[in-house]
Each structure stands twice: as C-alpha cells, then as structure tokens.
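Residue-level listing of the chains:
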Amino acid sequence: MNKKIFVILGMLLAFTSTMLFASEAEAVPAEETTVEAVEDAGIPQAAKYVAAAVAVAMACLAGGMAVGKIGAAAMGAMAENPEVSGKALPYVGLAEGICLWGMLVAVLILIL
C-alpha cells in the first residue's frame, strides 16, 4: 500500500512540475518580460489545471476504493441472501457518485 502511495505522489509531482514549466514558456508575450508579468500570466493558469487534476484524481481514487469495498460486501451479501440485492446495489452507485463530484469540482475550478 505504501508503494502505491509513493508512486501516485511521484506521478503527481512529475505532472505538476511539467504543467508549471510548460505554461510559463507560452503564457508571457515577448514585450512583457517583467517579473510581475510572468507571475500573473503563468503560475495561476497552471495552478488551475493542477488543482482540477488533483480534484479529479483524488475523487476517482477515493471512489475506486469505496466501490471496491462496498462492491465486495454487497456481492457477499447477495450470495447469501438474494433478496438483499435491491438494498445493496444502490450503495455502490452512491460510491461511484464521488467521482462525478470530483469532476464537477474540476469543471468549476476551470470555469472560475
């Protein structure tokens, strides 16, 4: 489990640094080379994209873990008692809704 967390954090760091450096190069026009122009043009725009990516990534990771645990418990309960399926399956759908909320937050970050 710790290995997965370090891999995910490493990938997040790599994508974040790539996004920050890529947006700085293309965001500043040639005639505006002051320090304030670089800070105003490059970093906030890149920070929006990184924040949106983190929102979706964390929501999808959390949703995946929730669906894994709830789905296994629901399938076990339905194997023992088939009448429980109507009560167990909606919880799996609720756990998948976490991913949709993450995507909604990301869209709101990018719009505002």
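This is a predicted model, so every value here is computed, not measured. (Residues numbered from 1 in each chain as written. Predicted model: local features only at pLDDT ≥ 70, side-chain atom pairs only at ≥ 80, totals over all residues. Heavy atoms only, no water.)

### Digging into the overall build of the chain
Along the chain, the regular secondary structure elements total four helices and zero strands. When the elements of the chain are put in sequence order from the N terminus, they spell out α-α-α-α. Counting across all 112 residues of the chain, residues that qualify as buried make up 18%. Of the contacts formed within the chain by residues at least 6 apart in sequence, a portion of 65% connects residues at least 24 apart. (Helix = DSSP H or I, 4+ residues; strand = E, 2+ residues; numbered from the N terminus. Buried < 20%, exposed > 50% of the residue type's maximum accessible area, 1.4 Å probe, protein only. Contact = heavy atoms within 4.5 Å.)

### A closer look at the environment of Ala106
With respect to the helices and strands, Ala106 occurs in helix H4 (residues 85-111). For the pair formed by Ala106 and Val50, sequence separation is 56 residues and the distance between their alpha carbons is 9.6 Å. Excluding its chain neighbours within four sequence positions, the residues that come into contact with Ala106 are Ala52, Ala55 and Val56.

### Side note on a nonpolar patch on the surface
Judged by side-chain polarity, Leu100, Trp101, Met103, Leu104, Val107, Leu108, Ile111 and Leu112 come together as a nonpolar surface patch covering roughly 900 Å² of accessible area. Looking at where Leu108 falls in the secondary structure, it is placed in helix H4. (Patch = residues over 30% accessible without salt bridge, like charges linked within 9 Å, V, L, I, M, F, W, Y side chains within 5 Å. Areas by Shrake-Rupley, 256 points an atom, 1.4 Å probe, with all protein chains shown as cover. Salt bridge = Lys/Arg side-chain N within 4 Å of Asp/Glu carboxyl O.)

### Some thoughts on H4
The terminal C-alpha atoms of H4 lie 40 Å apart, and with 27 residues this matches the ideal 39 Å at 1.5 Å per residue to within 8%. Along H4, the positions that sit buried rather than exposed are Ala88, Val92, Ala95, Gly97, Gly102 and Ala106. (Expected span 1.5 Å × (residues − 1).)

### Side note on the state of the cysteines
By definition, a disulfide links the sulfur atoms of two cysteines through a covalent bond. Summed over the entire model, instances satisfying the criterion amount to zero disulfides. Lacking any disulfide linkage, Cys60 is separated from the closest cysteine sulfur, that of Cys99, by 4.1 Å. The partly exposed category is assigned to Cys60, whose relative accessible area is 37%. Relative accessible area serves as the criterion here: at 22%, Cys99 is assigned to the partly exposed category. (Disulfide = S-S within 2.5 Å.)

### A short note on the environment of Ala46
By the element assignment, Ala46 lies in helix H3 (residues 43-80). For the pair Ala46 and Thr16, spaced 30 residues apart in sequence, the C-alpha to C-alpha distance is 8.5 Å.

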